[in-house]
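Okay, here's what each chain looks like letter by letter:
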Amino acid sequence: MSRRLASLLGILGVSLLVPISRAQVAVTLYTGLYLPQPTDLLLRQDAWHTDLWLRDVPLRGRSLQSPFYYGIRVGKRVRSRGRSPVVELEFVHAKAYARESERVNIEGRWKGMQVSERGLFSRYVRSFSLSHGLNLLLGNVFYPLVHNRVFAMGLRAGAGAAIPHVEDCVDGHWVQRYEMSGLCLQVGLGGAVKLSRAWSADVSARCSAARLSRMSAYGGSLQANIWGVHLDVGVSRAFSSRAQR
């Protein structure tokens, strides 16, 4: 799965370097901070009669530690002049790590026994992380509220697919794999300051939500809805339209 993602992004990046007739395209690379919020995690193991909720599990983003948080966004203006909406394709590589040493509210069935307590997360799930990516592939629309020759600011909304790299350990057994796990949404603000004819500085603040409906775990699956805040800074390169001959 990781090779397919890399190939897709490589082809996309190379193709955008070719002049595009009758289009205005911008490619943005960015980094920043991803701040995941506490989530409820559901562990299911049908063979062992486990159907267990771990509530309000605290998460960390570790955006500034390798592998780093980053994103790439490709946008095309609908109209060549004026305050035009922009349609975008975006890939986001965020991360999320459960704080395994924390106590959380636990309820449900554990190996056939009813459980309702506040206990250690690691007693039931030794480790859970999306360290090689809470990867989001999104289609967006950006609508500028302010637009002039130097500055632009507007609203961005998007939807797409969540492709996490799941790493978890349950009952002493590790699972590590990429999965096409569910839907994701995002909404926020974005802005750009023109540095030259082709280059701009890009900033954005947004929230994303990913429904991870079925992540593999030993003997069953894990489920979570993960949302978080993105604070991004980056650079954008514009490719001007080419007149038809």
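Residues numbered from 1 in each chain as written. Predicted model: local features only at pLDDT ≥ 70, side-chain atom pairs only at ≥ 80, totals over all residues. Heavy atoms only, no water.

Turning next to the overall build of the protein chain. For the protein chain, the count of helices and strands is one helix and 14 strands. Buried residues in the protein chain amount to 43% of all 245 residues. In the protein chain, of all internal contacts separated by at least 6 residues, the share reaching a separation of at least 24 is 68%. (Helix = DSSP H or I, 4+ residues; strand = E, 2+ residues; numbered from the N terminus. Buried < 20%, exposed > 50% of the residue type's maximum accessible area, 1.4 Å probe, protein only. Contact = heavy atoms within 4.5 Å.)

Across the protein chain, pLDDT averages 89, with 87% of residues at or above 70. For residues 4–9, every residue scores under 50 in pLDDT, and the model assigns this stretch five contacts once sequence neighbours within four places are set aside. (pLDDT = per-residue confidence, 0-100.)

Moving on, we come to the pattern of salt bridges. Under the counting rule described, the total for this entry stands at twelve salt bridges. Across the pair Arg177 and Glu179 runs a salt bridge, and its minimum N-O distance is 3.5 Å. A residue is classified by how much of its surface remains accessible, and Arg177, at 44% relative accessible area, is partly exposed. Within the structure, one salt-bridge network assembled from shared partners comprises Arg73, Glu88, Glu90, Arg156, Asp202, Arg206 and Asp232. (Salt bridge = Lys/Arg side-chain N within 4 Å of Asp/Glu carboxyl O.)

Moving on, we come to the environment of His49. Summarising the element assignment, His49 is placed in the loop between strand 2 (39–45) and strand 3 (50–57). The class of His49 is partly exposed, set by a relative accessible area of 47%. In the structure, His49 is positioned 63 residues away from Gly112 in sequence and 4.9 Å away in space, judged by C-alpha atoms. When near neighbours in sequence (up to four residues on either side) are disregarded, His49 contacts Arg109, Trp110, Lys111 and Gly112.

Cis peptide bonds are those with omega within 30 degrees of zero, and the linkage from Ser66 to Pro67 qualifies with -5°. Positive phi is not limited to glycine here, since Lys111 has a value of about 55°. Exposure remark for Lys111: the relative accessible area of 37% places this residue in the partly exposed category. Here the phi dihedral of Asp171 falls at roughly 55°; this positive angle occurs in a residue that is not glycine.

This next bit is on the environment of Ser84. For Ser84, the position within the fold is in the loop between strand 5 (70–77) and strand 6 (86–98). Relative accessible area serves as the criterion here: at 1%, Ser84 is assigned to the buried category. When the C-alpha atoms of Ser84 and His147 are compared, they prove to be 9.0 Å apart, with 63 residues separating the residues in sequence. Among the polar contacts made by the side chain of Ser84, one reaches the main-chain amide nitrogen of Val78 at a distance of 3.2 Å. (Polar contact = N/O pair within 3.5 Å; in protein donor to acceptor, adjacent residues only side chain to side chain.)

If you look at the biggest cluster of nonpolar residues, it comprises 36 residues, and the most contacted ones within it are Leu41, Leu54, Phe121, Phe128, Leu130, Leu134 and Met215. Sorting elements by how many residues they give to this core places strand 9 (residues 127–147) first, with five residues. Those residues in contact with Leu134, other than ones at most four positions away along the chain, are Tyr34, Val92, Ala94, Lys95, Pro164, Ala210, Leu212 and Ile226. (Core = buried A, V, L, I, M, F, W, Y, C linked by side-chain atoms within 4.5 Å.)

The subject of this paragraph is the pairing of strand 6. Counting buried positions along strand 6 yields eleven of 13 residues, so the element is predominantly enclosed. Two strands pair when backbone bridges link them, and strand 4 (residues 59–60) and strand 6 are joined in this way by two bridges, in the antiparallel orientation. Pairing of Arg60 across the sheet is with Tyr97, part of strand 6. Judged from the eight bridges that link them, strand 5 and strand 6 form a sheet pairing that is antiparallel. Bridge pairing links Val74 to Leu89 in strand 6. With eleven bridges connecting them, strand 6 and strand 9 associate as antiparallel partners. Looking at strand 9, one finds that Ala94 is bridged to Leu134. (Pairing = 2+ DSSP bridges.)

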